[in-house]
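# Residue-level structure breakdown
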Amino acid sequence: MKADNPKPVLLADYRPPEFLIDSVHLDIALAPVKTRVTSKLHIRRNPDSEAAGKVPLKLDGELLKLESVTLDGKKLKPSSYRVTETGLTISSPPKEPFTLEIVTTINPKANTALQGIYLSRGVYCSQCEAQGFRRITYFLDRPDVLAKYTVRLEADVATAPVLLANGNPVERGTLSGGDRHYAVWEDPHPKPSYLFAVVGGDLSSIASTFTTQSGREVDLRIYVEHGKEARAHWAMESLKRSMRWDETRFGREYDLDVFNIVAVSDFNMGAMENKGLNIFNDRLILASPETATDANYESIESVVAHEYFHNWTGNRITCRDWFQLCLKEGLTVFRDQEFSADQRSATVQRIGDVRQLKALQFPEDQGPLAHPVRPESYVEINNFYTPTVYEKGAEVVRMIETILGPEKFRAGMDLYFDRHDGQAVTIEDFVACFEDASGQDLSQFHRWYSQAGTPELVCNLTYDKRKKSAELTVHQVLKPSPGKAKKQPYFIPISMALLGENGKEMDLEVEGGVQIRDGVVAVTDRTTTFKFKGVSSRPVPSMLRGFSAPVMINMPLSDQDLAFLMHHDSDLFNRWQASNAYATRSILALLDAKRPKTVVASKAVKLADALRYALRNSDLDDAYKAELLKLPSVADVAREKATKVDHAAIFNEHRAFNRTIGEKLAEDLEAIYAASRDNKFSPDAKNAGRRALRNAALSLLTTRGTKDDMDRLEAHYFNASNMTDACHAMFLIAGVDAAGRDGVLNDFFERWKDDHLVIDMWFAAQAQSPRAETLDEVKELCRHPLFKITTPNKVRALIGTFAASNPLQFNRTDGAGYEFLADKVLEIDPLNPQVAARMLGAFRSYRALEPKRKTLAKAALKRVAGATKLSRDCLEMVTRMLDD
């Protein structure tokens with residue numbers, strides 16, 4: 001419920017725990033309404049704690065019904081402890097190590113917040129990160145308390161024949177004449193409470209094995225709902241590939257006898273890395289050609305790897321406190337990105353990673369929700385599972401590798417694993433390993449962890465033909481962020497090259513600044529100047545190759561320069577970036593009423609020429625060509641405009657620009673579409689790339705809006721042999737007023753109405769439609785029998801898609817989109833505060849809107865803030881966004 005002024009938790013206030021828990025024995029008797037939890041904790045005072053003398057034991061706990069407390073075998077009287085809404089306090093614990101036994105009951109069926117133990121379509125499952133374990137039993141629920149766990153689960157055989165927990169299975173048996181049974185699991189590795197997990201339910205599974213590099217055989221199993229076993233095989237293949245890759249790339253071997261994954265339908269996040277028992281949102285496990293798109297397959301591969309990689313970066317070595325969250329998440333995102341790059345096209349992977357960073361993290365860094373990669377305070381930690389912690393955190397790790405080089409980076413990672421195995425550590429511990437392994441001073445680089453905001457690099461390149469020299473000046477512009485008006489300059493690695501008139505990279509002598517190695521320099525001061533000698537012709541700079549740092553580049557490149565880079569840059573990421581920048585610049589120019597439309601239209605023709613050149617280049621793979629054809633979105637252009645954003649105006653000019661590209665490239669696009677028909681589905685990179693290119697061609701052809709284009713689109717749906725093609729066509733046709741629109745949507749619904757995962761695509765397709773009727777249709781869909789406000793996947797598919805992926809209709813001039821989202825947030829908040837707070841993220845850039853929309857969005861936020869009953873999650877979000 002709403003608190004007047006919830007007190008923030010501060011990084012500066014961290015103190016070691018006063019008590020430690022060495023081992024935990026849990027006995028959990030599962031039942032829908034009354035699950036009984038008996039915990040036996042072996043506790044001792046922490047010799048490293050600053051507290052001295054007589055200190056009470058304060059255990060965290062929420063929504064628990066306490067039955068008894070026993071200390072060293074003696075049942076305590078109520079006068080010996082105090083119970084509040086947030087915990088249990090033992091007033092006078094012994095000075096010597098002691099055993100505390102606590103019996104509580106909980107109600108999984110009523111747990112709509114999906115934290116602690118809850119029921120998902122009849123399956124008992126748990127989610128304890130970040131602070132869900134306190135909803136299971138009273139505990140020191142903080143990541144720096146590591147204990148060994150033994151868990152006994154008990155349940156009815158009929159409803160929960162499968163009983164799983166962390167670690168290795170050690171015992172099973174039946175009870176009550178065979179009606180109930182139990183299973184005992186033991187995890188030999190100390191872990192924090194947030195990694196605890198249990199599952200109980202009537203599930204089927206697929207099984208496999210993996211032989212580690214040392215020769216140990218590990219049993220692998222993925223549990224799913226009955227009848228969905230065939231859709232789990234891609235996840236199993238992805239798991240085995242990730243296990244082998246982690247051994248090869250980082251020398252990390254799995255450390256238990258079993259590795260289990262369970263797919264559940266109700267889950268607040270994507271997946272959870274619980275030690276030896278990963279619990280997944282089922283949309284990130286289940287896939288078949290008929291039910292999943294290529295994007296789904298890629299997400300499954302990536303997230304399965306991500307959660308597995310956590311076994312070392314997050315589990316074996318965990319966070320000292322939640323402020324260090326990027327230590328496990330940013331690092332593991334970097335690892336899963338590298339894995340995906342090795343499985344598929346490294347350039348296409350990098351483009352996708354940067355697209356996501358710019359779409360999600362850059363707006364966060366430039367708005368009221370900006371915070372450092374390591375935050376300094378929070379009211380509700382769930383609000384800091386953000387793109388800054390994850391995606392920007394990964395970029396910070398990537399910069400360390402860029403600065404040190406692959407060999408020294410690997411040496412630093414090896415030292416980190418060796419030095420801190422079994423510990424809860426900090427960012428300082430992590431960075432020190434790279435300093436010690438390389439001899440490099442990273443003290444200035446450390447500012448990436450402590451300063452919010454996206455640095456802007458204002459660059460100017462001058463050329464002296466007579467002296468055959470060039471000079472590059474780079475100025476760091478560090479705009480104020482919430483809580484920090486003045487910032488210190490960063491250490492920024494820049495991968496770059498100067499291209500000569502022949503399109504080749506110049507071999508140059510460099511002076512000034514910091515030279516890391518050939519092709520990589522560092523900007524370290526507010527203004528840094530680099531001098532190049534031996535420049536034989538006017539150079540065209542290829543800056544920030546491979547996106548070597550998460551910064552914005554402001555450099556006066558002409559249209560001719562960008563076109564030159566599109567044709568000649570050997571760095572394929574920068575070739576794509578030049579194309580993207582050219583398109584964005586052109587669309588922004590269309591918004592300028594002073595610019596003649598004919599002049600601006602000529603830009604589209606020039607871009608089409610450059611794209612045609614790339615499409616006909618047989619050395620470029622299909623997936624890369626598809627990325628070139630995915631022109632900047634309305635949201636991308638709005639982000640670049642940055643101020644007085646009018647999404648309707650951007651949408652109109654964006655559509656006109658795309659239509660011109662589609663018309664000018666029609667011959668090539670039609671040839672691609674005809675030649676790339678998919679005969680037999682395979683999720684591998686080559687085949688997925690071919691489908692991506694064909695669908696990208698279809699998208700641009702559809703912008704022309706002719707009857708032939710609409711007929712082709714409708715036929716594409718009905719002739720589709722896989723979900724990738726069918727879903728792409730459905731999303732496109734849902735966005736137009738074509739004659740066949742209702743027929744496609746109705747057909748998809750009838751085919752998939754009984755599949756709770758696939759039908760989410762149907763909800764999302766309608767929610768992202770730019771049609772004027774969309775908001776009314778979304779409101780009606782909220783009353784659809786298949787939509788459940790308590791199911792996060794449904795909320796994300798319909799409400800989340802509308803708010804985050806429909807910039808035109810969410811940002812309506814009458815403010816109705818903002819009011820709708822405010823209504824839904826207030827409806828969801830009492831049921832699931834975490835999901836409600838995530839929905840509020842759609843307002844993160846409201847300050848960049850033109851005045852009328854900005855006022856309406858702010859009014860919607862104020863209405864949420866003024867609600868009489870509001871969770872800490874939502875209250876913190878709206879307070880930060882409204883704070884001037």
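Refer to the preceding data block for the structure.
Summarised in this report is the structure supplied together with it. (Residues numbered from 1 in each chain as written. Predicted model: local features only at pLDDT ≥ 70, side-chain atom pairs only at ≥ 80, totals over all residues. Heavy atoms only, no water.)

### Considerations on the overall build of the chain
Along its length, the chain carries 27 helices and 34 strands. Relative to a compact globule of 884 residues, whose C-alpha radius of gyration would be 29 Å, the chain shows 28 Å and is just as compact. Its C-alpha atoms give the chain principal-axis dimensions of roughly 90 × 65 × 60 Å. Within the chain, residue pairs in contact and separated by at least 24 positions form 71% of the contacts whose partners lie at least 6 positions apart. Averaging the positions of the 116 positive and the 120 negative side-chain charges in the chain gives two centres separated by 4 Å. (Helix = DSSP H or I, 4+ residues; strand = E, 2+ residues; numbered from the N terminus. Rg over C-alpha atoms; globule rule 2.2 N^0.38 Å. Contact = heavy atoms within 4.5 Å. Lys, Arg positive; Asp, Glu negative; His and termini not counted. Charge placed at Lys NZ, Arg CZ, Asp CG, Glu CD.)

### Points about the packing of helix α26 (residues 851–865) against helix α27 (residues 872–882)
It is at 9 Å that the axes of α26 and α27 come closest, and there the two elements cross at 140°. What the angle tells us is that α26 and α27 run oblique. The way α26 lies across α27 gives a crossing that is left-handed. Across the interface between the two elements, K858, L861, K862, V864 and A865 of α26 pack against V878, M881 and L882 of α27. For the contact of α26 with α27, a count of residues per class yields 6 nonpolar, no polar and 2 charged. (Axes fitted to C-alpha atoms, helices over the stretch in contact; angles between N-to-C directions. Parallel < 35°, antiparallel > 145°, perpendicular 65-115°, else oblique. Left-handed = near helix turned anticlockwise from the far one by under 90°. Nonpolar A, V, L, I, M, F, W, Y, C, P; charged D, E, K, R; others polar.)

### So, the packing of aromatic side chains
As enumerated under the stated definition, the model contains 39 aromatic pairs in all. Ring centres 5.6 Å apart and planes at 75° place the aromatic pair F334 and F409 in the edge-to-face group. One end of the pair, F334, is in helix α3 (residues 325–343); the other, F409, is in helix α6 (residues 406–420), with 75 residues separating them in the sequence. The two residues F334 and F409 agree in class, both being buried. Ring centres of Y385 and Y390 lie 6.4 Å apart, and the angle between their planes is 50°; on these two criteria the pair is classed as tilted. Put simply, the rings of W245, F250, Y254, F259, Y308, F309 and F339 touch in pairs and so form one group of aromatic residues. Over the ring of Y14 we find R320, and its NZ or CZ is 3.7 Å from the ring centre. The aromatic ring of F250 is capped on one face by R335, whose charged end is 4.9 Å from the ring centroid. (Phe/Tyr/Trp six-rings, centres within 6.5 Å; stacked < 30°, edge-to-face > 60°. Buried < 20%, exposed > 50% of the residue type's maximum accessible area, 1.4 Å probe, protein only. Lys NZ or Arg CZ within 6 Å of the ring centre and 35° of its normal.)

### Regarding empty space enclosed by the protein
Inspection of the entire model under this criterion finds 3 cavities of 30 Å³ or more. In this model, the largest cavity occupies a volume close to 50 Å³. Of all elements in the fold, only α10 (572–590) and α11 (597–615) reach the threshold of two or more residues within the lining of the largest cavity. Per-element accounting of the lining of the largest cavity gives the leading share, 3 residues, to α11. (1 Å grid on protein atoms, 1.4 Å probe; cavity = no way out; pocket = protein on both sides within 12 Å on 5 of 7 lines; lining within 4 Å. Points joined across faces, edges and corners; volume = space filled by probe spheres on them.)

### A short note on the pairing of strand β12 (residues 147–156)
Burial within β12 is extensive, with 7 of its 10 residues counted as buried. As paired elements, strand β2 (residues 19–29) and β12 share 7 bridges and run parallel to each other. Of the residues in β12, the one forming a bridge with S23 is K148. Of the pairings in the sheet, the one linking β12 to strand β15 (residues 180–191) comprises 9 bridges and is antiparallel in character. Residue pairing across strands places D156 opposite R180, the latter belonging to β15. (Pairing = 2+ DSSP bridges.)

### Focus on the packing of helix α5 (residues 387–404) against α6
Direction vectors running N to C along α5 and α6 enclose 125°, while the axes themselves pass 6 Å from each other. Of the possible angle classes, the one that applies to α5 and α6 is oblique. Seen from above, α5 lies across α6 with right-handed handedness. Only P406, K408 and F409 of α6 make contact with α5, whose side of the interface consists of V397, I400, E401 and L404. Considered class by class, the residues forming the contact of α5 with α6 number 5 nonpolar, no polar and 2 charged.

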